[in-house]
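If you want the building blocks of each chain, they are given just below.
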Amino acid sequence: MEDPFHFIWGNHQQHDVEVNIIYQPVKEGYEVKVKWKRKGQTLDSMSFVDGDLQKIKEKILLETERVILQ
């Protein structure tokens with residue numbers, strides 16, 4: 001089962017960052033795949049497995065801040 005989320009940071013202007021998140025339940029918790037885009041180009045991506053939903057959210061937010069500030 002996959003449940004995709006798509007977020008636009010800002011007002012959907014050309015300089016905004018899109019955050020695409022896909023997570024899937026696995027034995028160890030959730031497999032999470034995140035991709036950051038701007039103007040249709042991938043800025044960065046990551047994939048990880050974690051069982052703690054709060055840690056997943058925090059990691060995505062911290063990484064999003066890092067990507068935006070690049």
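Small disclaimer: the values here were computed from a predicted structure and weren't measured.

**Digging into the packing of aromatic side chains**
Given two aromatic rings, their pairing is described by the distance between the two centres and the angle made by the two planes.
Link 1 in the chain: Following the criterion strictly, the structure yields one aromatic pair and no others.
Link 2 in the chain: Aromatic pair tyrosine 23 and tyrosine 30: ring centres 5.7 Å apart, planes at 75°, arrangement edge-to-face.
Link 3 in the chain: Given the relative accessible area of 25%, tyrosine 23 is considered partly exposed.
Link 4 in the chain: On the basis of relative accessibility, which here comes to 24%, the residue tyrosine 30 falls in the partly exposed class.
Link 5 in the chain: Sitting above the plane of the phenylalanine 48 ring, lysine 59 keeps its charged end 4.4 Å from the centroid.

**Some points on the pairing of strand S4 (residues 41-50)**
Link 1 in the chain: Bridge count between strand S3 (residues 29-38) and S4: nine bridges; the pairing is antiparallel. Each bridged residue has a counterpart across the sheet, and for tryptophan 36 the counterpart in S4 is aspartate 44.

**What about the pattern of salt bridges?**
Link 1 in the chain: For the structure on display, the rule yields two salt bridges.
Link 2 in the chain: Residues arginine 66 and aspartate 44 are paired through a salt bridge, measuring 2.4 Å at the closest nitrogen-oxygen approach. Taken together, the residues span a long stretch of sequence, with arginine 66 in helix H1 (residues 53-69) and aspartate 44 in strand S4 at a distance of 22 residues.
Link 3 in the chain: For arginine 66, a relative accessible area of 35% corresponds to the partly exposed category.
Link 4 in the chain: The shortest N-O distance in the salt bridge between arginine 66 and glutamate 63 comes to 2.9 Å. Of the two residues, arginine 66 and glutamate 63 both sit in helix H1, three residues apart, roughly one turn of that helix.
Link 5 in the chain: The structure contains a network of salt bridges with shared partners spanning Asp44, Glu63 and Arg66.

**A word on the environment of phenylalanine 48**
Link 1 in the chain: Within the secondary structure layout, phenylalanine 48 lies in strand S4.
Link 2 in the chain: Excluding anything up to four places from it in sequence, phenylalanine 48 contacts Tyr30, Glu31, Val32, Ile56, Lys59 and Ile60.

**Quick notes on the confidence of the model for the chain**
Detailed reading of predicted coordinates is not advised where the pLDDT is low.
Link 1 in the chain: With 79% of its residues at a pLDDT of at least 70, the chain reaches an overall mean of 83.
Link 2 in the chain: Taking the mean pLDDT of every element in the chain, the minimum, 52, falls on strand S1 (residues 3-9) and the maximum, 95, on S4.

Rules used throughout
- Within each chain, residues carry numbers counting from 1 in the order of the written sequence.
- Under the rules for a predicted model, residues below a pLDDT of 70 receive no local features and side-chain atom pairs below 80 are neither given nor counted, while totals for whole chains, interfaces and linings still include all residues.
- Derived side-chain values reflect all non-hydrogen atoms in the structure, with water molecules and hydrogen atoms excluded from consideration.
- Two aromatic rings from Phe, Tyr or Trp, using only the six-membered ring of Trp, form a pair when their centres are within 6.5 Å; if the ring planes differ by under 30 degrees the pair is stacked, by over 60 it is edge-to-face, and anything between is tilted.
- The classification of residues rests on relative accessible area computed with a 1.4 Å probe and restricted to protein chains. Under 20% of the type maximum is buried, over 50% is exposed, and intermediate values are partly exposed.
- By the criterion adopted, a ring carries a charge over it if an Arg CZ or a Lys NZ lies within 6 Å of its centre and within 35 degrees of its normal.
- Paired strands are those between which DSSP finds at least two bridges.
- Helical segments are the DSSP runs of H or I of at least four residues, strand segments are the runs of E of at least two, and each set is numbered from the N terminus.
- Salt-bridge detection follows one rule: a side-chain nitrogen of Lys or Arg within 4 Å of a carboxyl oxygen of Asp or Glu.
- Contacts are assigned to residue pairs with any non-hydrogen atoms lying within 4.5 Å of each other.
- On a range of 0 to 100, pLDDT expresses the predictor's confidence in each residue.

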